[in-house]
Amino acid sequence: MELYMLNNFVTIDFETHPIEGSLPPKPVGVAIKVGDNPSEYLSWGHQDSNNTNEAYATQCLKKLFAEHPIIMHNASFDISVAKYWLGIDYPKRLHDTLILLFLRNPHARTLALKPSAEEILNMPPEEKDLLHDWIIKNVPKANKKNAGAFIARAPVSLVAPYACADTDMTAALFNMMHPLYKGEAYDREMKLMPILCANTLQGINVDESIIYKDFVEFKSAHKLVSDKIYQKLGSEFNIDSGVELANAIEKAGLNTQWIYTKTGKASTSKNNLLAAINDQELLDFLSYRGTLSTYLDTFMSSWISKNNAGRLHFNWNQVRNQETGGFMGTRTGR
């Protein structure tokens, strides 16, 4: 690839191995769009038809990062990949279309690149369909939901158009949105991004021995309170099943009036149990068990599985989840 020494923007998008744990996944290729020139895909880690090597791709990227403003979508991910695996420093000027999409509409159905480009720019993701169809047919355990995780195993002939479409879409979205939504809010998020990226890569010290000790103690307490619930209700069942829990409570005669879900099932959410159960001891047992479950499943087990040499690497969400619009991150942009 020829390095164009133009005084303009460069759009970058990495393709990687699957995301596993909290550290950035290893890259297998990168799409690069210099100014308005056609996007090109440098591949070095695929199983076939690679057109370069990692050293040359790194050299190209270092030069571009040092001399040009860089545009990315979900830049914190690609920046972390570049820094962790290729040793590339933060670019002199970075732009992120994910942040621009959030500022354009914090309540949008999705902030993901392809559906946003299709909706706003009428750029359908045809390359994605071809690539994902190949992956589903040829990669064991791949399906419609997880096909994107196996891009590294697909042929470059399909990945290259897919990756280049990403940089084309990102550049087009930036050209459309940046003049409209640049300003104090956007600048603040972009100034915060290198701090959060550095914190993710550096990680936070954890005391492994204390986590394991607490995990064992919490597990023991969780079993003990589960046994108390079984004794209270007179049988063993799956307490985590709302249907089985409601049936057991009803058979024991410890409920008053159920509050039902839209599907007609008795609701066992915390607030509704408070209204439906007439036994305070059972409520206390269930509340305590729920708290222990959160500590064990959401926190401790995750910390243990993702621990890297005594450090945890957290990802910081500047906006809500870009794919689903879900609970990760906030609509207020905190």
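Residues numbered from 1 in each chain as written. Predicted model: local features only at pLDDT ≥ 70, side-chain atom pairs only at ≥ 80, totals over all residues. Heavy atoms only, no water.

Trainee: Got a sec to walk through the packing of helix α3 (residues 97–104) against helix α7 (residues 184–202)? Specific residues and values, please.
Mentor: Two numbers describe how α3 lies on α7: the axes approach to 10 Å, and their chain directions differ by 145°. Between α3 and α7 the crossing geometry is right-handed. From α3, Ile99, Leu100 and Leu103 reach across to α7, where they touch Ala185, Tyr186, Glu189, Met190 and Met193. Split into classes, the residues belonging to the contact of α3 with α7 amount to seven nonpolar, no polar and one charged. (Axes fitted to C-alpha atoms, helices over the stretch in contact; angles between N-to-C directions. Helix = DSSP H or I, 4+ residues; strand = E, 2+ residues; numbered from the N terminus. Left-handed = near helix turned anticlockwise from the far one by under 90°. Contact = heavy atoms within 4.5 Å. Nonpolar A, V, L, I, M, F, W, Y, C, P; charged D, E, K, R; others polar.)

Trainee: Which residues make up the pairing of strand β3 (residues 40–43), and what values go with them?
Mentor: Inspection of the sheet shows strand β2 (residues 27–34) paired to β3 by four bridges, in the antiparallel sense. Within the sheet, the bridge partner assigned to Ala31 lies in β3 and is Tyr41. Following β2, the chain reverses through five residues before pairing antiparallel with β3; Gly35 in that reversal takes a positive phi of roughly 55°. (Pairing = 2+ DSSP bridges.)

Trainee: Help me get a handle on a nonpolar patch on the surface, residues and values and all.
Mentor: Side chains of Ile204, Phe314 and Trp316 sit close together on the surface and give an oily, nonpolar patch of about 270 Å² of accessible area. Looking at the secondary structure, you find Phe314 in the segment after β7 (311–312). (Patch = residues over 30% accessible without salt bridge, like charges linked within 9 Å, V, L, I, M, F, W, Y side chains within 5 Å. Areas by Shrake-Rupley, 256 points an atom, 1.4 Å probe, with all protein chains shown as cover. Salt bridge = Lys/Arg side-chain N within 4 Å of Asp/Glu carboxyl O.)

Trainee: Residue-level account of the packing of α3 against helix α6 (residues 156–181), with values.
Mentor: Remark: α3 packs on α6, axes separated minimally by 9 Å, with the N-to-C direction vectors making an angle of 50°. Considering the angle they form, α3 stands oblique to α6. Relative to α6, α3 is oriented so that their crossing is left-handed. Facing α3, whose interface residues are Thr97, Leu100, Leu101, Leu103 and Arg104, α6 presents Thr170, Leu173, Phe174, Met177, His178 and Tyr181. Here the residues of the contact of α3 with α6 are counted per class, giving seven nonpolar, three polar and one charged. (Parallel < 35°, antiparallel > 145°, perpendicular 65-115°, else oblique.)

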